Protein chains: 2
Amino acid sequence: MEVHTADETMARTNGRAEEEGFEMAVTLAEVAARAGVSSATVSRVLNGGYPVAGGTRTRVEQAVEELGYIANAPARALAAATSDLVGVLVHDVADSFFGILAGSLQSALDPTGPGEARRLAVVCNTAGDPAAETAYLGLLEGQRAGGVVLTGGAAENPDHTAALAVRVSRMAAAGTRVVLCGRPPLPLPAALPVATITFDDRGGAFRLAEHLMTLGHRHIAYLAGPPGLSTTRERLAGHRAALARHDPAGSDACAALTVHAGFERSAGYDATRELLRRGRPFTAVAAANDTVATGAAAALREAGLRIPEDVSVAGFDDLPFAVDTAPALTTVRVPLREAGLLAAQLVTGRRALPPGGITTLPTELMVRGSTAPPTAGRRRP
Amino acid sequence: MEVHTADETMARTNGRAEEEGFEMAVTLAEVAARAGVSSATVSRVLNGGYPVAGGTRTRVEQAVEELGYIANAPARALAAATSDLVGVLVHDVADSFFGILAGSLQSALDPTGPGEARRLAVVCNTAGDPAAETAYLGLLEGQRAGGVVLTGGAAENPDHTAALAVRVSRMAAAGTRVVLCGRPPLPLPAALPVATITFDDRGGAFRLAEHLMTLGHRHIAYLAGPPGLSTTRERLAGHRAALARHDPAGSDACAALTVHAGFERSAGYDATRELLRRGRPFTAVAAANDTVATGAAAALREAGLRIPEDVSVAGFDDLPFAVDTAPALTTVRVPLREAGLLAAQLVTGRRALPPGGITTLPTELMVRGSTAPPTAGRRRP
DNA sequence: AGCGATCGGGCAAGCGCTTTCCATCACTCG
DNA sequence: CGAGTGATGGAAAGCGCTTGCCCGATCGCT
């Protein structure tokens, strides 16, 4: 095997590097020179999709190995007009809900696996701010991201939705794969291949409320999430549907026991204290999510109420800590890991868009210790 | 103001775009043409660091605005030999410890803020696998990442450490800012500007053990983390130091009550059952972290033991759920958000390297309901 | 008024890769 | 046996930006 010498450019480059005292990165051209082929060929064995003879391929692979070649991703992205980056927009990764989603997604990207799977996840905390969401999308567009996963979390107002739709359609048209996860579909031209993953929030909330009613609860406080979020709306709708079914006339009473709050623990705590102060009796409280339920439970305990003897408490999401609260939290499992995996497959194109573009993942009622029948001798809120 | 027409190249480009039916991204050259300046000038107003007359600047900014120009990040990265990407290696973002760290870091990067702050965080789950850690570093090197934050989590064996050191020094030499967070310094050439952030694990563990001893506990089980991790070592060392101080002779008994386990809930559960099975009495168990403590508590409760009446339980980290376990968990607060913020400042160069390159963040004992004096009439494990 | 210094901005050379178009070469078929 | 046909691999044109170098104009000073 004949080893060609690097061309003049490279010679100069290396010369400079030596002068300046640090080695420069190995380039395609150097690999090519070493393997005795052109850089085009090296590129082709590295990227596939083009026939390369076995011997040549071997020689190139060996040169890559020997030189410890690491491809320059920006250069590749520039030439190919698309990068290996996948943007993941979440409310906040520090929140377990999004952490699990993002973590599962990132792992499913499997960038260190063999072959083509070199997608890197860029996570962006939008903190529920529509402007931040748009701004991040702009940055990702600038990065020529190969895909973007938008998860729920940012408020859904029409202006923002429109601005988002513009950006998203431009990116999708340019070849970026877009996945909406846990948020409603965007008003986009139908032709765009944008995937949507939703959770059966409504069904879960329905089953949870039914569970409470079956236990005998008739006065169920509901700590709804922030208004304007589809998640909030769906869960509330499911809840109400269950109540209405049992007691078609009683919806007024329910409304009075429904409070909108944030998605944080403190929101649950504050809302519950407010509910307690109002003095309207209830025997159970269902929260927008586990975190809120936890805050609610703390407020109830502080008020001297026992869970579940005096008040039943239920959450939503089934985050890991739900089994370790006191008592373990009845909740609705949301398949976050599955969603992350699915999102990863969709955003990388490893899985084809389902018909209609939308996949709804099932939720599951998890009955645990925090809910029980209302007892006769209970203390009243 | 005279508006120049785009040059021929652009005309051709746009022509092609129109034919193919989708608009191509606005380029620097188009902005330049519109502002009546050269693309070099546009680049300069966008990147600063070069004098540009006020009027020119205004004109350029206006053109950028009108055209909705979004810079091509890969092109910039190629030309500048460095990208806006910051790699964050964590065990798993789904784990609150790392989720909080990564979330705080990402937010502190403030990429949607004004001006230069356009760093994007690439998060990588290493799952504790040294090979994955090295592989991710390679990918980030290929991305010409502007910075990398390595957090704890991967096993620390000599081979791996050496391999890591090679990669890290090459990247650092090439201008990538490297921050080690919650892991020991790497054996690197001293000249390299690598920052290290550590937590006072030893001090925290010491104070926690002292707290237990002060309560009157003398038989303290210790569920240590995976062997070979500096975090494990430090926490264990602090724990032992406190015990030795109270009872210089009793270290043997302690050793028998020390078990190494993983960092997951199940590890705490299993280890505690094992401890129970052994039948060696203890009145308290201190765990490697809150998650493990939670598993331990579950095992104890299952065995019919009350917390803290029969056995005190303590964790480490003070993750958010620690206040909501039953009872609330005594633990040691690790300033994760502060660490994330600091790491962000260091990795972006917004904060200078401290002398010696190493910053140790303090930990704080959080006494809550899960620890109490051993009672006389308690049930024995 | 004349001259070097300073400022502002243009030119153009890359950065390292992908990809289109071509040139070979070895065969196969009529 | 010449032309057609794949199968390979090379040459080279960019991708869109940064930046070193250089030039013209403006300015201050003697």
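The structure under discussion appears in the preceding block.
Keep in mind that what you see is a predicted model, and the values were worked out from it rather than measured.

A. Region of interest: the overall build of chain A. Along the backbone of chain A there are 14 helices and 12 strands. Burial statistics for chain A: of 381 residues in total, 53% are counted as buried. Restricting to contacts in chain A with at least 6 residues of sequence separation, those with at least 24 account for 72%. Summed over its atoms, the accessible surface of chain A is roughly 15,900 Å², and 54% of this surface lies on carbon and sulfur atoms.

B. Structural context of the protein's contact with DNA strand D. In the neighbourhood of DNA strand D, 27 residues make up the surrounding shell, with Y50 and T56 of chain A together with L28, S43 and Y69 of chain B lying closest. For DNA strand D, the fraction of atoms within 4 Å of the protein that belong to sugar or phosphate moieties is 58%. In this structure, a base nitrogen belonging to DNA strand D sits 2.7 Å away from a side-chain N or O atom of R44 of chain A. In the environment of DNA strand D, a phosphate oxygen lies 3.5 Å from a nitrogen or oxygen atom belonging to the backbone of N72 of chain B.

C. Spotlight on helix α4 (residues 54-67) of chain B. Residues and elements named next belong to chain B. Between its first and last C-alpha, α4 extends 20 Å over 14 residues, near the 20 Å set by a 1.5 Å rise per residue. If you check which residues of α4 are buried, you get T56, V60, A63 and V64. Across the axial projection of α4, the buried residues extend over an arc of 100 degrees, all falling on one side. Each element contacted by the buried residues of α4 is listed here: α2 (28-35) and α3 (39-47). Positive backbone phi, approximately 65 degrees, marks G68, located one or two places after α4.

D. The arrangement of the relation of the copies chain A and chain B in detail. With an axial shift of 0.0 Å and an RMSD of 0.0 Å, the rotation relating chain A to chain B amounts to 180 degrees. On the angle and the small slide along the axis, the relation comes out as a two-fold axis. In this assembly the copies share their binding face: 100% of the residues contributing to the interface of chain A also contribute to that of chain B.

E. Structural detail: the packing of aromatic side chains. Residues and elements named next belong to chain A. Applying the stated criterion across every chain yields a total of 2 aromatic pairs over all chains. A centroid spacing of 5.0 Å and a plane angle of 70 degrees characterise the contact between F97 and F98, whose relative ring orientation is edge-to-face. Residue F97 is classed as buried on the basis of its relative accessible area of 14%. When the ring centre of Y50 is taken as origin, the NZ or CZ atom of R44, which lies over that ring, is 4.3 Å away.

F. Inspection of helix α10 (residues 230-246) of chain B at higher detail. In this model, α10 of chain B (17 residues) spans 24 Å end to end at C-alpha, consistent with the 24 Å of a helix rising 1.5 Å per residue. Among all positions of α10 of chain B, only S230, T231, T232, R235, L236, G238, H239, A242 and L243 of chain B are buried.

G. Main features of the protein's contact with DNA strand C. Surveying the vicinity of DNA strand C reveals 25 residues, the closest of which are L28 and Y69 of chain A together with T41, Y50 and T56 of chain B. Of what DNA strand C places within 4 Å of the protein, 62% of the atoms are sugar or phosphate. In this structure, L28 of chain A approaches DNA strand C through a main-chain N or O atom, which is 2.4 Å from a phosphate oxygen. Contact between DNA strand C and R76 of chain A: a phosphate oxygen at 3.0 Å from a side-chain N or O atom of the residue. When residues of the surface near DNA strand C are traced back to their parent elements, those giving at least two are α3 (39-47) and α5 (73-80) of chain A together with α3 and α5 (73-80) of chain B.

H. Highlighting the packing of α2 of chain B against α3 of chain B. Residue and element names in this part refer to chain B. Between α2 and α3, whose axes approach to 8 Å, the crossing angle comes to 100 degrees. When the axis of α2 is compared with that of α3, the two are roughly perpendicular. Contacts between α2 and α3 involve L28, A29, V31 and A32 from the first element and S39, V42, S43 and L46 from the second.

I. Structural detail: the interface of chain A and chain B. With 50 residues of chain A in contact, the opposing surface of chain B contributes 50 residues. Roughly 4,200 Å² of surface becomes buried between chain A and chain B when both sides are summed, with 63% attributable to carbon and sulfur atoms. Along the contact surface separating chain A from chain B lie 2 salt bridges. Here R265 of chain B makes a salt bridge to D324 of chain A, at a shortest N to O gap of 2.6 Å. Counting only elements with at least two residues in the side of chain A that touches chain B, the list comes to α5, α6 (96-109), β2 (120-125), α7 (130-142), α8 (158-173) and α13 (290-302) of chain A. Class assignment for the residues of the side of chain A that touches chain B results in 26 nonpolar, 13 polar and 11 charged.

J. Highlighting the pattern of salt bridges. Residue and element names in this part refer to chain A. A complete count under the given rule lists 32 salt bridges over all chains for this structure. Of the charged contacts, one joins R118 and D84 as a salt bridge, the two residues approaching to 3.8 Å between their closest N and O atoms. Remark: D84 occurs in the loop between α5 and β1 (85-90) and R118 occurs in the loop between α6 and β2; sequence separation between them is 34 residues. Between E234 and R202 there is a salt bridge, with the nearest N and O atoms lying 3.2 Å from each other. Of this pair, E234 sits in helix α10 (residues 230-246) while R202 sits in helix α9 (residues 201-215), and the two are 32 residues apart along the sequence. Relative accessible area serves as the criterion here: at 30%, E234 is assigned to the partly exposed category. The partly exposed category is assigned to R202, whose relative accessible area is 43%. Several salt bridges share partner residues, and in doing so they unite E141, R167 and R170 into one network.

Rules and cut-offs
Residues numbered from 1 in each chain as written. Chains lettered and ligands numbered in written order. Predicted model: local features only at pLDDT ≥ 70, side-chain atom pairs only at ≥ 80, totals over all residues. Heavy atoms only, no water. Helix = DSSP H or I, 4+ residues; strand = E, 2+ residues; numbered from the N terminus. Buried < 20%, exposed > 50% of the residue type's maximum accessible area, 1.4 Å probe, protein only. Contact = heavy atoms within 4.5 Å. Areas by Shrake-Rupley, 256 points an atom, 1.4 Å probe, with all protein chains shown as cover. Near = heavy atom within 4 Å. Polar contact = N/O pair within 3.5 Å; in protein donor to acceptor, adjacent residues only side chain to side chain. Expected span 1.5 Å × (residues − 1). Arc of directions from axis to C-beta. Least-squares fit on C-alpha atoms with pLDDT ≥ 70 in both. Phe/Tyr/Trp six-rings, centres within 6.5 Å; stacked < 30°, edge-to-face > 60°. Lys NZ or Arg CZ within 6 Å of the ring centre and 35° of its normal. Axes fitted to C-alpha atoms, helices over the stretch in contact; angles between N-to-C directions. Parallel < 35°, antiparallel > 145°, perpendicular 65-115°, else oblique. Buried area = accessible area lost by both parts, 1.4 Å probe. Salt bridge = Lys/Arg side-chain N within 4 Å of Asp/Glu carboxyl O. Nonpolar A, V, L, I, M, F, W, Y, C, P; charged D, E, K, R; others polar.

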